[in-house]
Amino acid sequence: MSETRAAKMAELPVTRPSSSTGGFPFATTGILSLVLAVTVTAESLPAAIMPQMAASLGANNLQIGLLLSAWALTVIVASIPLARFTRTVDRRLVVAGSLAVFALGSAVTAIAPTYEIALLSRVVTAAAHGLLWSVVIVYATAILDSRHLGRGLAFVTGGVTVALALGLPLGSALALAGDWRIAFIGVALIVAALALIVARLLPRVVPEASVPTLDMHGAQKREQQRDPTRAPVAALLAAALIFALGHFALFSYITPYLANAANFDEALTGPMLALFGAAGFIGIIVSGLTVDRWPTIALPLTFAGMALAVATLAFASAVPWLVVAGVFVWGVALGALSPLMQTAVMRTASPRLRATASAALVVSFNGGIAAGSWLGGVIESSAGTTMNAGVAAVTSAASVVLILIAQRLAARAPKRE
């Protein structure tokens, strides 16, 4: 590469919204939160409308379940390559483009005449979702003032809790009242509208160009030293992976736990899950209040609270009030963990590593989801659901250790701008 070429690359414009001079961007973060709420609802929707989809598509429940598994696998495979491919594109346009593809895929799912077409449409939609998750946190980070980073990401990722608490029940109600396809049509229309809103109204963010350095002979010279934030980011990703593994080993089988281990009446399952969802909203509020004020202790304390809660479910399943308390604290911790973890990764990673780190975090969570759901089934069938809770307690405690290691590594390796 010539010096002229390098000079031109160095002159590439970098457009960032100035948030330091304004207040908190409620409108922008609210739109991004709604984006996550609708897309996460679509991700899990087959689980909420499984019987209706199975009957309409001539499939069985296992095949409809595979629509979820194929989604997770696609996200794992596609997130990092797509994030790298679009790393120099305006973040706003990447978000809008991925939403447009998501809307199209959801529309095809809604009109799919066969199971195979529904599966193919879900794979395409999942690829768009993986890219969306990889970039939306990076985009939110760019538009937020550093003073508001934690609160802003808590607001944005709160859309996930909204999806679980409101989106899925609404989708299920639509399927019961009419046709499951109405739910996917609604998703497609809302996401398409959000794509237009993002493209037309949200601020432009062009990522910084990576400028190669030149040696004395004018030849391209790549940096020999690795990015010093890679190690602490890797520790955070490991914490996310094993946490998700333990959490989903238990959560995937929470209904048999409540019925068989805690001996709760079947009629109490719904209220207990509602309690869990409501606690998640509280967790979002807690994370928003603590992440910017106490960034060092908020995340490990939340993982520790998670470990204590699920350990209670493992060892006190015969005490109803302790089970209720454990589910509540578990829900609060889960609601707080997503924004706290996203914030930790964004603060730890160097600017040029953030897109890859965000994509890798998506992969870590989805890998944990896939492995945990499988492991939970193996454990439940052989040792019972209290053992699932024990596994979740061990992985949550291990996550505390990994978070502390990540913080120590980050302190030794400051970010390079």
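Residues numbered from 1 in each chain as written. Predicted model: local features only at pLDDT ≥ 70, side-chain atom pairs only at ≥ 80, totals over all residues. Heavy atoms only, no water.

*Asks:* Help me understand the overall build of the chain, please; the structure alone is not making it clear to me.
*Replies:* Broken down by element type, the chain carries 15 helices and two strands. Sequence separation of 24 or more characterises 86% of the internal contacts of the chain that already satisfy a separation of 6 or more. On the chain, roughly 18600 Å² of surface is accessible, and the fraction owed to carbon and sulfur atoms is 68%. (Helix = DSSP H or I, 4+ residues; strand = E, 2+ residues; numbered from the N terminus. Contact = heavy atoms within 4.5 Å. Areas by Shrake-Rupley, 256 points an atom, 1.4 Å probe, with all protein chains shown as cover.)

*Asks:* Which parts of the structure should I look at to understand the pattern of salt bridges?
*Replies:* Side-chain pairs of opposite charge can arise whenever the charged atoms involved come near each other. Counting across every chain of the model gives four salt bridges. Across the salt bridge formed by Arg347 and Asp292, the nearest N and O atoms sit 2.5 Å from each other. Pair noted here: Arg347 is in helix α13 (residues 320-348) and Asp292 is in the loop between α11 (269-290) and α12 (295-315), with a separation of 55 residues, a long-range link. You can call Arg347 partly exposed: its relative accessible area is 26%. In the salt-bridge network here, residues are joined through shared partners; they are Asp90, Arg92 and Arg204. (Salt bridge = Lys/Arg side-chain N within 4 Å of Asp/Glu carboxyl O. Buried < 20%, exposed > 50% of the residue type's maximum accessible area, 1.4 Å probe, protein only.)

*Asks:* Is there a simple way to think about unusual backbone geometry in this case?
*Replies:* Unusually for a residue other than glycine, Asn263 sits at a positive phi of about 60°. Position of Asn263 relative to the elements: it lies in the loop between α10 (254-261) and α11. The class for Asn263 is exposed, based on a relative accessible area of 61%.

*Asks:* Just to check I follow, could you spell out the packing of aromatic side chains for this structure?
*Replies:* In this description, a pair of aromatic rings is defined by centroid distance and the angle of the planes. According to the stated counting rule, one finds 11 aromatic pairs in the structure shown. Seen in terms of ring centroids, Phe26 and Phe155 are 6.3 Å apart; in terms of plane orientation they differ by 70°. Their pairing is edge-to-face. Of this pair, Phe26 sits in helix α2 (residues 26-48) while Phe155 sits in helix α7 (residues 149-177), and the two are 129 residues apart along the sequence. Centre to centre, the rings of Trp180 and Phe184 are 5.9 Å apart; their planes meet at 85°, and the pair counts as edge-to-face. Here Trp180 and its partner Phe184 are both found in helix α8 (residues 180-201), four residues apart, which amounts to about one turn of the helix. The pair Trp180 / Phe184 is uniform in exposure class, with both members buried. Taken together, the aromatic side chains of Phe248, Phe251, Phe276 and Trp330 make up a single cluster linked through ring pairs. (Phe/Tyr/Trp six-rings, centres within 6.5 Å; stacked < 30°, edge-to-face > 60°.)

*Asks:* Where do I start with a nonpolar patch on the surface in this structure?
*Replies:* Together, Ile282, Val286, Phe328 and Val329 make up a nonpolar patch on the protein surface, roughly 270 Å² of accessible area in all. Only α11 and α13 provide two or more residues apiece to the nonpolar patch. Along the chain, the position of Phe328 falls in helix α13. For Phe328, a relative accessible area of 31% gives the class partly exposed. (Patch = residues over 30% accessible without salt bridge, like charges linked within 9 Å, V, L, I, M, F, W, Y side chains within 5 Å.)

*Asks:* Can you walk me through the nonpolar core in this structure?
*Replies:* Looking at soluble globular proteins, one finds that nonpolar side chains tend to be buried together. Of all hydrophobic cores here, the largest spans 92 residues; its most connected members are Leu99, Leu299, Val323, Trp330 and Met341. Sorting elements by how many residues they give to this core places helix α6 (residues 115-143) first, with 13 residues. (Core = buried A, V, L, I, M, F, W, Y, C linked by side-chain atoms within 4.5 Å.)

*Asks:* Any chance you could explain the packing of helix α5 (residues 91-111) against α8 here in plain terms?
*Replies:* Two quantities define a packed helix pair, namely the angle between the axes and the distance from one axis to the other. With their axes 8 Å apart at the nearest point, α5 and α8 run at an angle of 160° to one another. Overall, the two elements α5 and α8 adopt an arrangement that is roughly antiparallel. The two elements α5 and α8 meet at a crossing, and its hand is left-handed. Residue-level contacts link Arg92, Val95, Ala96, Leu99, Ala100, Phe102, Ala103, Ser106, Ala107, Thr109, Ala110 and Ile111 of α5 to Trp180, Arg181, Phe184, Ile185, Val187, Ala188, Val191, Ala192, Leu194, Ala195, Val198 and Ala199 of α8. Partitioning the contact of α5 with α8 into residue classes produces 20 nonpolar, two polar and two charged. (Axes fitted to C-alpha atoms, helices over the stretch in contact; angles between N-to-C directions. Parallel < 35°, antiparallel > 145°, perpendicular 65-115°, else oblique. Left-handed = near helix turned anticlockwise from the far one by under 90°. Nonpolar A, V, L, I, M, F, W, Y, C, P; charged D, E, K, R; others polar.)

*Asks:* Can you help me understand the side chain of Thr125 in this one?
*Replies:* Tracing the backbone shows Thr125 in helix α6. On the accessibility criterion, Thr125 (2% relative accessible area) is buried. Side-chain polar atoms of Thr125 contact the backbone oxygen of Ser121, separated by 2.7 Å. Sequence-distant contacts of Thr125, defined by excluding residues within four places in its chain, comprise Trp71, Phe102, Gly105 and Ser106. (Polar contact = N/O pair within 3.5 Å; in protein donor to acceptor, adjacent residues only side chain to side chain.)

*Asks:* What is the right way to read the environment of Pro169 from this model?
*Replies:* By secondary structure assignment, the location of Pro169 is in helix α7. For the pair Pro169 and Thr41, spaced 128 residues apart in the sequence, the C-alpha separation amounts to 9.4 Å.

*Asks:* Got a minute to help me understand the environment of Val345 in this structure?
*Replies:* For Val345, the location among the structural elements is in helix α13. For Val345, a relative accessible area of 0% puts it in the buried group. Placed 16 residues apart in sequence, Val345 and Leu361 show a C-alpha to C-alpha distance of 8.2 Å. The contacts of Val345, once residues within four sequence positions are left out, are Leu236, Ala357 and Leu361.

*Asks:* Before we go on, may I ask you to explain α11 in this structure?
*Replies:* One turn of the α-helix equals 3.6 residues, which is why residues spaced by three or four share an orientation. Taking 1.5 Å per residue, 22 residues should reach 32 Å; α11 reaches 31 Å between its end C-alpha atoms and fits that length. For α11, the complete set of buried residues consists of Thr269, Met272, Phe276, Gly277, Ala279, Gly280, Gly283, Ile284, Ser287, Gly288 and Thr290. (Expected span 1.5 Å × (residues − 1).)

*Asks:* What exactly am I supposed to notice about a positive patch on the surface here?
*Replies:* Taken together, the side chains of Arg84, Arg87, Arg226 and Arg230 present a region of like positive charge at the surface. Tracing the backbone through its elements, the reader meets Arg87 in the loop between α4 (61-85) and α5. (Lys, Arg positive; Asp, Glu negative; His and termini not counted. Charge placed at Lys NZ, Arg CZ, Asp CG, Glu CD.)

*Asks:* Is there a simple way to think about the confidence of the model for the chain in this case?
*Replies:* Detailed reading of the predicted model is not advised wherever pLDDT is low. Residues with a pLDDT of 70 or more make up 89% of the chain, whose mean pLDDT is 83. This model gives residues 1-21 a pLDDT under 50, and the stretch forms 35 contacts once residues within four places in sequence are excluded. The model gives residues 209-225 a pLDDT under 50, and that stretch makes 25 contacts with residues more than four places away or in other chains. (pLDDT = per-residue confidence, 0-100.)

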